[in-house]
Amino acid sequence: MRIVTIEEHISFPEMNSFLPDDILNKKQPSGALQQMIPKLADVSGDRLQSMNESGISMQVLSVENTDVNLLDGQSAPEFASKYNDLIADKIKGHPDRFTAFAHLPMVNSIAAADELERTVKTYGFKGAMIRGVTNGEFLDAPKFAPIFERAEQLGVPVYIHPGIPPKPVIDAYYSNIGDQTGPFDAIACWGWGWHSETAIHVLRLLVAGVFDTYPNLKIIIGHMGEMLPIMWDRSNKAFQPGNGGKNQRTLIETFKQQLYMTTSGIFTQPPLQIALDTIGIDNIIFSIDYPFSTNQMGIDFLNEIKLPPEQIEKIAHRNADRLLGL
Ligand code: GRE
Ligand code: ZN
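Residues numbered from 1 in each chain as written. Chains lettered and ligands numbered in written order. Predicted model: local features only at pLDDT ≥ 70, side-chain atom pairs only at ≥ 80, totals over all residues. Heavy atoms only, no water.

Moving on: a nonpolar patch on the surface. Together, Ile230, Met231 and Ile274 give the surface a local cluster of nonpolar side chains, amounting to about 270 Å² of exposed area. Relative to the helices and strands, Ile230 resides in helix 12 (residues 228-238). (Patch = residues over 30% accessible without salt bridge, like charges linked within 9 Å, V, L, I, M, F, W, Y side chains within 5 Å. Areas by Shrake-Rupley, 256 points an atom, 1.4 Å probe, with all protein chains shown as cover. Salt bridge = Lys/Arg side-chain N within 4 Å of Asp/Glu carboxyl O. Helix = DSSP H or I, 4+ residues; strand = E, 2+ residues; numbered from the N terminus.)

Below, the structure written as structure tokens:
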């Protein structure tokens, strides 16, 4: 069976040479991340070998870091373009195994929209991945409108991935919880905080009316819907049209039409069942979150799904093929 995974990360250390020293000195990857550096840097070595061993046909790659947003609005666009050029160069020998989501200079929205268009038209990239807030701002801020507008025009989705919380959030929610690299990272990031942040991100887009402004825009989120499926009916009631938000449609209507959820990093059946019962089979896309999860973990999960083969195919590749035009 063809298997496509779409939240698969890369980070190329050679890009550090384009960062000024003051920014380089500020970068301090946590312990967990440090160990992943070689795996994130690799495309056609261990990564491809692991895909072959696990039967993964294609990965859609995305950049793991947000160094680009440490640059100013003048220099970020050039850095992002260099990054995307490097991705394109590294995957060009394997067009049937790799494609990518564009890395965008979020500190300059017009340049970000232009870079999205350039990478889609020049390299056939399949959309963009945006990681969390940019200098504390969520994507419903009016300044980001050009990115959604362009994505809709180009017919490509925007993948909203969690990102490092802003300092006021760290201070208020995640301080005094012990070792910076252990419990802090886990509560603030992959153990909980990231997922609630991304759910908030999407809910903000809903109540800001962004989905209604761009009715053909498609948004992707990972981690089996970032806890939204379990909150489905409660949130749907809370954000009814006319309840003070700008949304013209209900959460359920809007998300079924415009939101996709991947299985990245969530490999047990109960959360999948809730996603099936809420967003539904046509909006669920298999993904791993390589290298933070192993391909084998994902494949074991896929093999355990008790659904008819044609439905498993939707999750494994058909939905991704349709959404991304693979
Ligand atoms: C992820 O993409 O899910 C991720 C990171 C960094 C650390 C852990 C993790 O980007 O799960
Ligand atoms: Zn991820």
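Right, let's get into the sheet that holds strand 4 (residues 102-103). Read from one edge of the open sheet, 6 strands run 4-5-6-7-8-9, paired in parallel fashion. On the outer flanks of this sheet lie strand 4 and strand 9 (284-285), each paired with one strand and no other. Where strand 5 (residues 128-131) and strand 6 (residues 158-161) come together, 4 bridges link them in parallel fashion. Residue pairing in the sheet places Met129 in a bridge with Tyr159 of strand 6. (Pairing = 2+ DSSP bridges.)

Of the consecutive residues Tyr290 and Pro291, the connecting peptide bond is found in the cis state with omega at 5°. Here Pro291 is to be found in the loop between strand 9 and helix 15 (295-304). At Asn135, a position not held by glycine, the phi torsion is positive, near 45°. Its location among the elements puts Asn135 in the loop between strand 5 and helix 6 (145-154). Phi at Asn176 is positive, roughly 60°, even though this residue is not glycine.

With that out of the way, let us pick up the coordination of the zinc ion (ligand 2). The coordination sphere of the zinc ion (ligand 2) contains the protein donors Glu7 (OE), His9 (NE2), His161 (NE2) and Asp289 (OD), at a distance range of 2.0 to 2.3 Å. Read from N- to C-terminus, the donor residues coordinating the zinc ion (ligand 2) fall into the pattern E-x1-H-x151-H-x127-D. Here the residue Glu7 occupies a position in strand 1 (residues 4-10), and His161 occupies one in strand 6, the gap between them amounting to 154 residues. (Donors = N, O, S within 2.8 Å, 3.2 Å for Na, K, Ca; no water.)

What follows concerns the site of ligand 1. What surrounds ligand 1 is the set His9, Leu33, Glu64, Arg131, His161, Trp190, Trp194, His223, Asp289 and Phe292. His9 is positioned with one of its side-chain polar atoms (N or O) 3.0 Å from an oxygen atom of ligand 1. The fraction of the free accessible surface of ligand 1 (290 Å²) that becomes covered by protein chains is 91%. The class makeup of the residues in the shell around ligand 1 is 4 nonpolar, 3 polar and 3 charged. (Near = heavy atom within 4 Å. Polar contact = N/O pair within 3.5 Å; in protein donor to acceptor, adjacent residues only side chain to side chain. Nonpolar A, V, L, I, M, F, W, Y, C, P; charged D, E, K, R; others polar.)

Before going further, it helps to examine the packing of aromatic side chains. Taken as a whole, this structure holds 10 aromatic pairs when the rule is applied. Judged by centre distance (5.8 Å) and plane angle (75°), the rings of Phe79 and Tyr83 are edge-to-face. Pair noted here: Phe79 and Tyr83 are both in helix 4 (residues 76-91), with a separation of 4 residues, about one helical turn. Judged by relative accessible area, Phe79 falls into the buried class, the value being 3%. Taking relative accessible area as the criterion, Tyr83 reaches 1% and is therefore assigned buried. Clustering of aromatic rings is evident, with ring pairs tying together Phe12, Phe79 and Tyr83. The ring of Phe12 is capped by Lys90, whose NZ or CZ atom sits 4.4 Å from the centre of that ring. (Phe/Tyr/Trp six-rings, centres within 6.5 Å; stacked < 30°, edge-to-face > 60°. Buried < 20%, exposed > 50% of the residue type's maximum accessible area, 1.4 Å probe, protein only. Lys NZ or Arg CZ within 6 Å of the ring centre and 35° of its normal.)

Looking now at the sheet that holds strand 2 (residues 58-63). If you trace the 3 strands from one edge of the open sheet to the other, you get 1-2-3, paired in parallel fashion. Edge positions in the sheet fall to strand 1 and strand 3 (98-100), since each has one partner strand and no second. Pairwise comparison of adjacent strand axes, ignoring direction, gives a mean angle of 35° for this sheet. Two elements, strand 2 and strand 3, share 3 bridges in a ladder whose sense is parallel. Note that in strand 3 the partner of Val60 across the bridge is Thr99. Each of strand 1 and strand 2 is contacted by helix 16 (residues 309-324), which is oriented at about 75° to strand 1, the strand it contacts most. (Axes fitted to C-alpha atoms, helices over the stretch in contact; angles between N-to-C directions. Contact = heavy atoms within 4.5 Å.)

On strand 8 (residues 259-262), burial covers both faces: Leu259 and Met261 on one face and Tyr260 and Thr262 on the other are all buried. Judged from the 3 bridges that link them, strand 7 (residues 219-221) and strand 8 form a sheet pairing that is parallel. Along strand 8, the bridge assignment pairs Ile220 with Tyr260. Direction of pairing for strand 8 relative to strand 9: parallel, over a ladder of 2 bridges. Bridge pairing in strand 9 places Thr262 opposite Ile285. For the crossover that starts at strand 8, traverses helix 14 (residues 269-278) and ends in the parallel strand 9, the hand is right-handed. (Right-handed = clockwise from strand over helix to strand, strands pointing away.)

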